[in-house]
Amino acid sequence: MRLLNLFKIATKAIILNKTRTLLTMLGIIIGVASVIAMLAIGEGSKESIRTTISAMGSNMITIQPGADNRGPARGSGGDVQTLTLENYETIKAQSDLINYITPVVNGSGQIINGSNNWPSSIYGVNPEYLNIKAVGLQNGSMFTDAEVKSASKVAVIGQTVVENVFPDGQDPVGQMIRFNNIPFTVIGVLEEKGENTFGQDQDDVVIAPYTTVQKRILAIDHLNQIIASAISEDDAPAAVEQVSAILRTEHKLLDNEEDDFTVRSMEELISTFSSTSEMLTVLLVAVASISLLIGGIGIMNIMYVSVKERTKEIGLRMAVGAKGADILMQFLIEAILISITGGVLGVILGLGATVFIETFLNWPTSVALYSIVISFAVCAVTGIFFGWYPARKASALDPITALRYE
């Protein structure tokens, strides 16, 4: 009953000073809203990264020439020429954890169809490429192993290429295009995939037999990379180890020599980007938490003012029998109410900000329940921590001195 009366007294004191209380709450409101919004952006980014990279082929393993620099995934090996067709054939023959595998050679150039032309990239692969990349065909067909062996001039193109070199809506299948003046017959069109995690347009691509690209366009005998698909996501780490061991044997590397190639799985890439995202989220939350600290200081300040203004009231209550513990609890409840009410309003504002960010700024967000729970916990702790000292000071007042206070 005593606690209920103290709660009523604290509530009445807050209501009597609505404007001052609201201004005191602002720091808490902004702090909580910022923390929720920043955590939502961080969680949304991690989910988006995982979804986008998985869409590239969740079991995919990339094998690139050159030592691992632990930077972002590279598009090709550049001038490094440590991967060969023999390496590809050995991995295919010896690895029992690989489902699909293809050599990759790639270059860039101009795609021409009549008076229409478009700068794009060409990738030389084998028919297993579509299974590895988890992409289908919108229409037409993929080239065959026989066409790879004969280095046929056939190609499958992406939607961006279709839109730019066939702008009149003509069906590209069966039509002739030129890539750097080399004629190719379009035999298929890829399904639309959009941009990947790195902002690259996955539909701006021409796919052709790797033998054709090697001989007729790039004039090389090495590979830019090899991509493969593990039997399952769980087998991907073991597949990476197995492929690395096969290549070390192939390249005759000694135990004390570093790899002259890089083998990575999608899970590793997801982990790398998620770690970066988490670091940025922690930084953003740390900055946002400053508002909570400022809000807490504001609560302490206003409680000091409240104690000062109500010194005579405190003296009167103590004179009629109120104990120091009652006075302490009254002001502590008041501080906690201010803090938690600010927290509730902050949560509402934070959720609203998250909806705004996702709807109007098109940033991926994901509100985690723990962020709301943490916000309430922080608000309660803030109210207790910053309200305790002013409340303790109020409870320690001498009743006679308080009654004489003007």
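Residues numbered from 1 in each chain as written. Predicted model: local features only at pLDDT ≥ 70, side-chain atom pairs only at ≥ 80, totals over all residues. Heavy atoms only, no water.

- Going by what an unreviewed UniProt entry lists, the chain is known as ABC transporter permease and is assigned to Winogradskyella rapida.
- Listed in UniProt under the heading Sequence similarities (unreviewed entry), the comment for the chain reads: "Belongs to the ABC-4 integral membrane protein family."
- Quoted verbatim from the Subcellular location (unreviewed entry) field of UniProt, the annotation for the chain is "Cell membrane". (UniProt positions renumbered as here; feature names shortened; annotations may be inferred.)

### Description of the pattern of salt bridges
Phase 1: One pass over the structure, following the stated rule, counts 2 salt bridges.
Phase 2: For Lys92, the salt bridge goes to Glu128, with nearest N and O atoms at 3.9 Å. Here the residue Lys92 occupies a position in helix α3 (residues 85–94), and Glu128 occupies one in the loop between β3 (116–125) and α4 (129–133), the gap between them amounting to 36 residues.
Phase 3: Notably, a salt bridge pairs Asp259 with Arg248, separated by 2.4 Å at the nearest N-O pair. Here the residue Asp259 occupies a position in the loop between α8 (236–250) and β10 (261–265), and Arg248 occupies one in helix α8, the gap between them amounting to 11 residues.
Phase 4: Accessibility expressed as a relative area gives 29% for Asp259, which makes it partly exposed. (Salt bridge = Lys/Arg side-chain N within 4 Å of Asp/Glu carboxyl O. Helix = DSSP H or I, 4+ residues; strand = E, 2+ residues; numbered from the N terminus. Buried < 20%, exposed > 50% of the residue type's maximum accessible area, 1.4 Å probe, protein only.)

### What about empty space enclosed by the protein?
Phase 1: Summed over all chains, the structure comprises 2 cavities of 30 Å³ or more.
Phase 2: Looking at the largest cavity, its volume works out to about 80 Å³.
Phase 3: Lining the largest cavity are Ala13, Ile14, Asn17, Arg20, Thr21, Thr24, Ile302, Met303, Ser306, Arg310, Glu334 and Ile338.
Phase 4: For the lining of the largest cavity, the secondary-structure elements that each account for two or more residues are α1 (2–16), α2 (18–55), α9 (266–309) and α11 (324–360). (1 Å grid on protein atoms, 1.4 Å probe; cavity = no way out; pocket = protein on both sides within 12 Å on 5 of 7 lines; lining within 4 Å. Points joined across faces, edges and corners; volume = space filled by probe spheres on them.)

### Some thoughts on a negative patch on the surface
Phase 1: On the surface, a cluster of negative charge is made up of Glu163, Glu192, Glu195 and Asp201.
Phase 2: What makes Glu192 exposed here is its relative accessible area of 60%. (Patch = residues over 30% accessible without salt bridge, like charges linked within 9 Å, V, L, I, M, F, W, Y side chains within 5 Å. Areas by Shrake-Rupley, 256 points an atom, 1.4 Å probe, with all protein chains shown as cover. Lys, Arg positive; Asp, Glu negative; His and termini not counted. Charge placed at Lys NZ, Arg CZ, Asp CG, Glu CD.)

### Comments concerning helix α12 (residues 369–395)
Phase 1: Given a rise of 1.5 Å per residue, 27 residues ought to cover 39 Å, and the 38 Å separating the end C-alpha atoms of α12 matches this to within 8%.
Phase 2: Roughly 45° is the biggest bend found in α12, and it falls at Trp388, with proline Pro390 one to four residues downstream.
Phase 3: Taken together, the buried positions of α12 are Ser371, Ile372, Ser375, Cys379, Thr382, Gly383, Phe386, Gly387, Pro390, Ala391, Ala394 and Ser395. (Expected span 1.5 Å × (residues − 1). Bend = angle between axes of the 7 residues up to and from the residue.)

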